[in-house]
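What follows is the residue order along each chain.
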Amino acid sequence: MDTILDLDLNAEVWNRYQYTSKDTDNTRITERFRSFPPGSGCKEIEYWIKRRFGPKPKQIYQKTLPIKKADICYYNQLMAQEQVDYDKEGLPARQTIRAWTAEFPEGYEIDLKINPCDDGSAPWCEWVLLQNGHECCCSDTECRIPQKITMGHNGKTFNITITEN
C-alpha cells in the first residue's frame, strides 16, 4: 500500500527551481506525494520537482564593460614588467590601483581589479563576483586584462566582454 504524505515544500527548495503554479503563492506549495516513505528529505522532493517541471532553467547574463584603450594598454604594459616602482608611477602600493564594475540584477556585480604586489613586483588583475557587496567568488590572477570572462554562482552565469573605447 502506498503511503500518502502531505509535504510542504519550503521556500528554499521551491525558489531553487523558481517554478510557478496556479496554486502557489510563490513561497509555499502543498502537494500530495504517493510512495514517499515517511522521513523523505529534500533530495526526493527535488527529484520530483525535476521530473514534473523539467530541469531548472539557467539564467545567463551578458554585459559589455567599456574601458579606454589607453587604460588597457597602460595596465597591460605595467603588468608585463618584472618590477614596478609604485611611487614613481604614482600608484598606490597597498590598495587596489584601479577597478571597473559591471552591475547585474539581484544585487550582483563583477569588479575587474588591478592590484599591486607587496614586494614591488608587477601588479596583477582579477575578477571578483559580488552579491550585495559580499564576495561570492573570484578568478585566478592574471597578468593581462582579458577580453572576455565568464563567472557563475547559484545557477547563474555572468558573461562580460571588454570593449575598447
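For the structure, check the block above.
Scope of this entry: the structure provided in the associated data block. (Residues numbered from 1 in each chain as written. Predicted model: local features only at pLDDT ≥ 70, side-chain atom pairs only at ≥ 80, totals over all residues. Heavy atoms only, no water.)

1. Concerning the sheet that holds strand β6 (residues 124-131)
- The antiparallel open sheet is built from four strands, whose spatial order is β4-β5-β6-β7. Looking at strand neighbours, the two that pair on one side only are β4 (98-103) and β7 (134-138), the edges of this open sheet. If you compare each strand with its neighbour and ignore which way they point, the axes differ by 30° on average.
- Against the sheet, helix α3 (residues 69-80) engages β4, β5 (108-115) and β6, with an angle of about 125° to β4. (Pairing = 2+ DSSP bridges. Helix = DSSP H or I, 4+ residues; strand = E, 2+ residues; numbered from the N terminus. Axes fitted to C-alpha atoms, helices over the stretch in contact; angles between N-to-C directions. Contact = heavy atoms within 4.5 Å.)

2. Considerations on the packing of aromatic side chains
- This structure, assessed with the given rule, holds six aromatic pairs.
- A ring pair is formed by Tyr75 and Trp100, whose centres lie 5.9 Å apart and whose planes are at 80°; its orientation type is edge-to-face. You can see Tyr75 sitting in helix α3 and its partner Trp100 sitting in strand β4, a full 25 residues away along the chain.
- Residue classification places Trp100 among the buried residues on the basis of a relative accessible area of 8%.
- Within the aromatic cluster, the residues linked to one another by ring pairs are Tyr61, Phe104, Tyr108 and Phe158.
- In this arrangement the basic side chain of Lys63 is found over the ring face of Phe104, its NZ or CZ atom lying 5.8 Å from the centre. (Phe/Tyr/Trp six-rings, centres within 6.5 Å; stacked < 30°, edge-to-face > 60°. Buried < 20%, exposed > 50% of the residue type's maximum accessible area, 1.4 Å probe, protein only. Lys NZ or Arg CZ within 6 Å of the ring centre and 35° of its normal.)

3. Let's talk about α3
- In this model α3 runs 17 Å from its N-terminal to its C-terminal C-alpha over twelve residues, within 8% of the 16 Å that 1.5 Å per residue would give.
- Listing the buried residues of α3 in full gives Asp71, Ile72, Tyr75, Asn76, Leu78 and Met79. Buried positions in α3, seen along its axis, are confined to an arc of 160° and lie on one side of it. Facing away from the buried surface of α3 by more than 90 degrees, the exposed residues are Ala70, Gln77 and Ala80.
- Check the buried side of α3 and you find it contacts β3 (59-67), α4 (86-89), β4, β5, β6 and β9 (156-164). (Expected span 1.5 Å × (residues − 1). Arc of directions from axis to C-beta.)

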